[in-house]
Amino acid sequence: MDEAGIPGQRQQGSKSSRGKGNYKPKGRLVDLAARTEIEALLGTEPPRRDHLIESLHIIQDHYHHLSARHLAALADWMRLPMAEVWEVASFYDHFDLVREGETAPAACTVRVCTSLSCMMAGGEELLEKLQEYASDDVRFVAAPCIGACDKAPAAAVGHQLVEHADLETLSAVTEAGHAEIPPAARQFDDYCADGGYAVLRELLDGSRSADDVLATLDDTALRGLGGAGFPTGRKWRIVGGQPGPRLMAVNGDEGEPGTFKDRLYLSTDPHRMIEGILIAAHVVDVETCFIYMRDEYPEIISLLRQELDKVRAAGLADHVKIELRRGAGAYICGEESAMIESIEGKRGLPRHRPPYVAEVGIFGRPTLVNNVETLHWIRDILTHGADWFNDQGQEGHPGPRSYSVSGRVKNPGVIIAPAGSTVSDLIERCGGMADGHSFKGYLPGGASGGILPASKGDIPLDFGGKLAEEGCFVGSHAVVVLSDQDNMWDAATNLMKFFAHESCGQCTPCRNGTEKAVSMMTAASPDTDLLGELSVAMADASICGLGQAASNPLVSVMKHFPEDIGAGGKAGAEMSDNNSKVGKPVSFNLDGKTVEAQPGETIWQAAARHGTDIPHLCYRDSDGYRADGNCRACMVEIEGERVLAASCIRTPTEGMVVHSENHRATTARKMVMELLVSDQPPRDEAHDPDSELWRYAETQDIDAARFPAKASPPPTAAIRPLL
């Protein structure tokens, strides 16, 4: 019986029908049986709003999919709009949404990695062969990097990792596997017996001060080792200087293709990271720490739950609350602000900066974000001193580095080597090239770090320096080695497909740009001139690092490997090198003239008031509208900043120098308009041929886009709809 048939019981959100005839419920009715099933799974009290994703995990784990009836029941129980629950669930790859009338997927899902290292090891061919073994009970799907590049091709049967997967093993699968706690993991008692938590105890009993810790970190070359490379000591001081309460997030969403170092450290010695967390929490005075771990590491999640309970029982975590959160298959959540959105139970959409997460992070509080490996080194640095750490590097490159090395080497794995090591050094440490392979090129920093030829194999792999001069970066220190048997254009295409799949869809340059790039790169005769223009616009105008760096491999291959570009391609194309409202007006320089912005006014508003027309599509100067900065049509260049800024949401500061009409800004805006127009019908067939989109396109001489038309949309299960 549905709810409408229960006498005397008001419907959720209903109004009195007195004087209005018979009441008829509106919208989706909640299935009471589904509501009972949800409560049985999740407990007697509705979870907090920020626990939405974990609640979805529990339902997915139990039923192997998320049915519309269960999502409606969950929304009703949590008192959230159904659209909000659906948009969050549909954003993440590891949730299988089933609408009314649709057939649920097979209970057992086998994910075969098709990212670069696994592609090179035959992952794509393996997945294709497995399709004939699919059944009502087992399905085989492609997966982006699952953090086992040294075991390529890798797969996961349910929650169980399969190393060096092959057809015989996977075709015999009949049911989902379950992750086991890594047998090599050093657990609490063994860690303590080896001096573990001694430094933390010194802090807790007052024999070592927080100032001593910060002084040591100031002298140490420890940096953020998840990719950004920001000095750790400076970050701790910045967050510690913000008003409390302060929060902390540990970024364990190791999703960069080619990266697997954190998985190694956590599966063998998890307490080094945990002690690093507890030290940081004490020094920075953190109230709550959220450990965000990718869902592809289920054995580590189980291990951390077990070991965190032991730490709490020993009284070592009384000064901070620690919560373990699972990701759900979204690479973008490795970006710190997207991770914070996910921790809050939302879609992982990167935030605009400023403000930065050190000021406004989780739940609007100052937040310290550290990578797993960064925290792994804290105990040893404080035990042995700054010089011990710094002296392990090469001249000009202090400290050790953990390089994840995969691809065409004899013995892939995590190589702990001096900072500034070269790929030639790493290949030698891996036992040389794999038999039958000659060194051709390499990725110095994972999927987004670019691709260099073997002739540049003597460049130190570290932050900045010669590597940056080549337009590349070391990022998470993921090194993928390619050989004479690999086509570099195919490698770059594989990486661009990865970025297109993982784009959150928030901004035009990344969402449309990656999709158009894939379409052109897979054409028989790639237009490298247009790809070059597109790459510049993506790098300049995307909101976050995904879109800004997605074209790096493409640019590198066009520059260094023109002979590998598809037949007929134009090889060797020339490549181009929310603040708070304040109480008084500010003066800033706009296109060479000094203008005044009123309190809270954005660059776009101030420019419009002074007669400068910057294109805009998402902004309306009326109640009910808000600018979100996502269409990227209003990009301007701010001197001293690396990427362009959305003028519709950026507030000017005193003395800021803004360029709205220089080549960089106008080129990026024109490319954004062209990307938007490319997915529209011809202007003479458009619903509104005089819309602002077409008006601005006309001013920039865009009548029709040069990009291929958008392909038919894939099935819902294969995309992340942005509702």
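Please refer to the structure higher up on the page.
Residues numbered from 1 in each chain as written. Predicted model: local features only at pLDDT ≥ 70, side-chain atom pairs only at ≥ 80, totals over all residues. Heavy atoms only, no water.

Hey, could you go over unusual backbone geometry for me, with residue numbers and the actual values?
The omega torsion across arginine 353 and proline 354 is -5 degrees, close enough to zero to call that bond cis. Among the secondary structure elements, proline 354 is positioned in the loop between helix H15 (336-343) and strand E10 (367-371). For the bond running from proline 354 to proline 355, omega is 5 degrees, close enough to zero to count as cis. Checked against the element boundaries, proline 355 lands in the loop between H15 and E10. Its identity as a non-glycine residue notwithstanding, phenylalanine 363 has a phi of 55 degrees, on the positive side. Among the secondary structure elements, phenylalanine 363 is positioned in the loop between H15 and E10. Residue phenylalanine 363 is classed as partly exposed on the basis of its relative accessible area, which comes to 42%. In this model, histidine 477 sits at a positive phi of 65 degrees, which is unusual for a non-glycine residue. Here histidine 477 lies in the loop between helix H20 (465-469) and strand E15 (478-483). (Helix = DSSP H or I, 4+ residues; strand = E, 2+ residues; numbered from the N terminus. Buried < 20%, exposed > 50% of the residue type's maximum accessible area, 1.4 Å probe, protein only.)

Describe the packing of aromatic side chains, naming the residues involved and giving the relevant values.
When we look at a pair of aromatic rings, we describe it by the centre distance and by the angle of the planes. One pass over the full model with this rule turns up 11 aromatic pairs. An angle of 70 degrees between the planes, with centres 4.8 Å apart, marks the rings of tyrosine 331 and phenylalanine 498 as edge-to-face. With tyrosine 331 in the loop between strand E9 (321-326) and H15 and phenylalanine 498 in helix H21 (residues 488-502), the pair connects residues that are 167 residues apart, well separated along the chain. A residue is classified by how much of its surface remains accessible, and phenylalanine 498, at 8% relative accessible area, is buried. Seen in terms of ring centroids, phenylalanine 439 and tyrosine 442 are 6.0 Å apart; in terms of plane orientation they differ by 40 degrees. Their pairing is tilted. Classification of tyrosine 442 by relative accessible area gives buried; the value is 0%. The residue whose ring lies beneath arginine 234 is phenylalanine 230, and the NZ or CZ to ring-centre distance is 5.3 Å. (Phe/Tyr/Trp six-rings, centres within 6.5 Å; stacked < 30°, edge-to-face > 60°. Lys NZ or Arg CZ within 6 Å of the ring centre and 35° of its normal.)

Any chance you could break down the sheet that holds strand E3 (residues 108-113) for me, citing the residues and the numbers?
Judged by pairing direction, the sheet is mixed, and its 4 strands sit side by side in the order E4-E3-E5-E6 without closing on themselves. With one partner strand each, in any of the chains shown, strand E4 (138-143) and strand E6 (160-162) form the two edges of the open sheet. Between one strand axis and the next, the sheet turns through 25 degrees on average, direction left out of account. Where E3 lies against strand E5 (residues 155-157), 3 bridges are found, and the strand directions are antiparallel. Bridged to valine 110 within E5 is valine 157. Helix-sheet contacts for helix H6 (residues 123-130) involve E3 and E4, and the interaxial angle to E3 is about 150 degrees. (Pairing = 2+ DSSP bridges. Axes fitted to C-alpha atoms, helices over the stretch in contact; angles between N-to-C directions. Contact = heavy atoms within 4.5 Å.)

Just give me the short version of the environment of isoleucine 274, but keep the residues and values in it.
Considering the arrangement of structural elements, one finds isoleucine 274 in helix H13 (residues 270-284). Using a relative accessible area of 0% as the deciding quantity, one classes isoleucine 274 as buried.

Account for the pairing of strand E7 (residues 246-252), naming residues and giving values.
Counting buried positions along E7 yields 7 of 7 residues, so the element is predominantly enclosed. Burial of E7 is two-sided: the residues Arg246, Met248, Val250 and Gly252 facing one way and the residues Leu247, Ala249 and Asn251 facing the other way are all buried. Bridge count for E7 against strand E8 (residues 286-293) is 7 bridges, and the pairing is parallel. Looking at E8, one finds that methionine 248 is bridged to cysteine 289. Two elements, E7 and E10, share 5 bridges in a ladder whose sense is parallel. The residue of E10 that forms the bridge with leucine 247 is threonine 367.

Hey, could you go over helix H4 (residues 82-91) for me, with residue numbers and the actual values?
The buried fraction of H4 amounts to 7 of the 10 residues, a majority that puts the element mostly inside the structure. Val85, Trp86, Glu87, Val88, Ala89, Ser90 and Phe91 are the residues of H4 that are buried. The secondary structure elements touched by the buried residues of H4 are helix H2 (52-63), strand E1 (66-67), helix H3 (68-78) and strand E2 (97-98).

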